[in-house]
Amino acid sequence: MLSDEQISAQLPHVLNVTKYDFLGQRHQGKVRDSYTRGKIRILIATDRLSCFDRVVTTVPFKGEVLNTLAVHWFTLSKDIIENHILDIPDPNVIVANECAIIPIEVVVRAYLAGSAWRDYSSGRAVSGIVLPPGLRKHGKLPQPLLTPSTKAEIGKHDEPIGEQEILARGLVSALLWGQIRDTALALFGLGQKEAAKNGLILVDTKYEFGMYEGRLVLADEIHTLDSSRYWVADTYTEKLADNETPEMLDKEPTRQWLLEQGFKGDGPIPTFTDEHRIDIARHYISAFERIAGRPFVSSVGPVSERIEKNLESYLEGAR
Ligand SMILES: Nc1ncnc2c1ncn2[C@@H]1O[C@H](COP(=O)(O)OP(=O)(O)OP(=O)(O)O)[C@@H](O)[C@H]1O
Ligand SMILES: [Mg+2]
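Every value quoted in this text rests on a predicted model; they were computed, and no experiment measured them.

Turning next to the pattern of salt bridges. Applying the stated criterion to the full structure yields 27 salt bridges. Here Glu194 ties to Lys197 by a salt bridge, and the two come within 3.0 Å at their closest N and O atoms. Pair noted here: Glu194 and Lys197 are both in helix 5 (residues 174-197), with a separation of 3 residues, about one helical turn. Across the pair Lys206 and Asp220 runs a salt bridge, and its minimum N-O distance is 3.3 Å. Residue Lys206 is found in strand 12 (residues 200-212), and its partner Asp220 is found in the loop between strand 13 (215-219) and strand 14 (228-232); the two are separated by 14 residues along the sequence. Both residues of the pair, Lys206 and Asp220, count as buried. Shared partners join several salt bridges into a network, and the residues in it are Arg32, Glu105, Lys151, Lys206, Glu208, Asp220 and Glu221.

Here it is as structure tokens:
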């Protein structure tokens, strides 16, 4: 684990935004900046932290934690499905094959939490699935469920969409959807199994798939703290019995803090102190170490310059 001194020393070097014009066409997401050039997409994980669909602050080492975690899971899941990775020229970067992304966020959940709980508790179906009565908040579902949503344009929220509707609207063929469904459930099963080895519960997650040269591939990110929720296994039962929120490895504490400040996604963003940002960094790094089961190794220094240098030599070599 990096020391608080190291994390603090990284504060002036956080990667907020990239502007590498030489890389190609730029797309800025909430957390990542990506560049497309011909058949490749260069995905750069920045240190931005998003909550309630807004970027609220930056956190030292967060981009590297996110990217390294994605690479960890992409490697573990290779036998289930081919993924988009071509190269990893820098700890914050994935060079990927540019895919035709299937415009559906493939969400899988094993527990009733987040938006699924909100829908269920107000009597609504969860992505078109009518669940039996009597389930509890944060309780385990009878089996993992697919609760897809549409991929929204920037600034809009994703909308839940039932599997029936995906097919009815012709977003994906029935054959391909079957393949996506089986793959997503298999990936989730792997995630649950691996998480359990490290005393964790994989609660829910989101996958994005794409087509590359006629094949279905796993794109975007997998089982990261931005796309998934993890709980601590050995306190789960106790917390549930006490009607408390399970211990989380994700950004829930930050979300809670923002809510306490009266922020729900609209209006001015509360100010994070450096102390708080260091705290969040520690939380992210230790979450990485628990999930991956190995130490997070990095060093203090300017991130943007390092990425630029690494990408320049990568492209030089690729020519
Ligand atoms: N291999 C790939 N080929 C093409 N597009 C990809 C690939 N992998 C990921 N993407 C796309 O790259 C973008 C990554 O950006 P990012 O996730 O940071 O932002 P976003 O999805 O626009 O917004 P959000 O912050 O809500 O996730 C997404 O649009 C994702 O669908
Ligand atoms: Mg995204």
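So, about the site of ligand 1. Close to ligand 1 lie 17 residues; Lys30, Arg32, His84, Cys99 and Glu208 are nearest. Taking His27, its side chain carries an N or O atom lying 3.0 Å from an oxygen atom of ligand 1. Note that an oxygen atom of ligand 1 is positioned 2.3 Å from one of the side-chain N or O atoms of Lys30. In isolation ligand 1 offers 600 Å² of accessible surface; the protein chains occlude 85% of this area. Contributions of two or more residues to the shell around ligand 1 are made by strand 3 (40-45) and strand 7 (93-97). When its residues are assigned to classes, the shell around ligand 1 shows 6 nonpolar, 4 polar and 7 charged.

Tracing the backbone shows Thr46 in the loop between strand 3 and strand 4 (48-51). Among the polar contacts listed, one links the side chain of Thr46 to the backbone oxygen of Val31, at a separation of 2.5 Å.

The terminal C-alpha atoms of helix 8 (residues 274-292), which comprises 19 residues, lie 27 Å apart, in line with the 27 Å expected from a rise of 1.5 Å per residue. Residues of helix 8 that are buried: His276, Arg277, Ile278, Ile280, Ala281, Tyr284, Ile285, Ala287, Phe288, Glu289, Ile291 and Ala292. Two residues or fewer after helix 8 comes Gly293, characterised by a positive phi angle close to 70°.

Here the structure, examined in full by the defined rule, presents 11 aromatic pairs. Plain terms: the ring middles of Tyr111 and Tyr236 are 5.4 Å apart, the flat faces sit at 80° to each other, and that makes the pair edge-to-face. Taken together, the residues Tyr111 in strand 9 (residues 104-111) and Tyr236 in helix 6 (residues 233-241) connect sequence positions 125 residues apart. Residue Tyr111 is classed as buried on the basis of its relative accessible area of 6%.

Domain parsing of the protein chain yields domain 1 (4-100 + 252-318) and domain 2 (101-241). Here domain 1 and domain 2 have C-alpha centroids that lie 22 Å from each other. The interface of domain 1 with domain 2 comprises 30 residues on the first partner and 33 residues on the second. Buried surface at the junction of domain 1 and domain 2, summed over both partners, amounts to about 2,800 Å²; 61% is from carbon and sulfur atoms. Of all residues in domain 1, Trp73, Ile81 and Arg290 give up the largest surface area on contact with domain 2, accounting jointly for 23% of the area buried on that side. Summed over the shared surface of domain 1 and domain 2, the number is 15 residue pairs in polar contact (both at pLDDT 80 or more). Secondary-structure elements contributing two or more residues to the side of domain 1 that touches domain 2 are strand 1 (25-28), helix 2 (62-76) and helix 8.

Below, the discussion takes up the nonpolar core. Residues Val106, Ile180, Tyr207, Phe209, Leu225 and Tyr230 are the most contacted members of the largest nonpolar core, which totals 66 residues. A per-element tally of this core places helix 8 first, with 9 residues. The residue makeup of this core includes at least three contributed by each of domain 1 (4-100 + 252-318) and domain 2 (101-241). Setting aside anything within four residues of it in sequence, one finds Val106 in contact with Leu146, Trp177, Ile180, Ala184, Thr205, Lys206, Tyr207 and Phe209. Counting 14 residues, the second largest nonpolar core, distinct from the first, contains Leu15, Ile40, Ile42 and Tyr314.

Moving on: the environment of Asp158. Here Asp158 lies in the loop between strand 11 (149-150) and helix 4 (163-168). By relative accessible area, which is 34% here, Asp158 ends up partly exposed. Residues Asp158 and Ile291, 133 residues apart in the sequence, show an inter-C-alpha distance of 27 Å. Leaving out residues up to four positions away in the same chain, Asp158 has contacts with Glu105, Ser149, Thr150, Lys151 and Ala152.

What counts, and at which threshold
- Residues numbered from 1 in each chain as written.
- Chains lettered and ligands numbered in written order.
- Predicted model: local features only at pLDDT ≥ 70, side-chain atom pairs only at ≥ 80, totals over all residues.
- Heavy atoms only, no water.
- Salt bridge = Lys/Arg side-chain N within 4 Å of Asp/Glu carboxyl O.
- Helix = DSSP H or I, 4+ residues; strand = E, 2+ residues; numbered from the N terminus.
- Buried < 20%, exposed > 50% of the residue type's maximum accessible area, 1.4 Å probe, protein only.
- Near = heavy atom within 4 Å.
- Polar contact = N/O pair within 3.5 Å; in protein donor to acceptor, adjacent residues only side chain to side chain.
- Areas by Shrake-Rupley, 256 points an atom, 1.4 Å probe, with all protein chains shown as cover.
- Nonpolar A, V, L, I, M, F, W, Y, C, P; charged D, E, K, R; others polar.
- Expected span 1.5 Å × (residues − 1).
- Phe/Tyr/Trp six-rings, centres within 6.5 Å; stacked < 30°, edge-to-face > 60°.
- Domains from an automatic or database assignment.
- Contact = heavy atoms within 4.5 Å.
- Buried area = accessible area lost by both parts, 1.4 Å probe.
- Core = buried A, V, L, I, M, F, W, Y, C linked by side-chain atoms within 4.5 Å.

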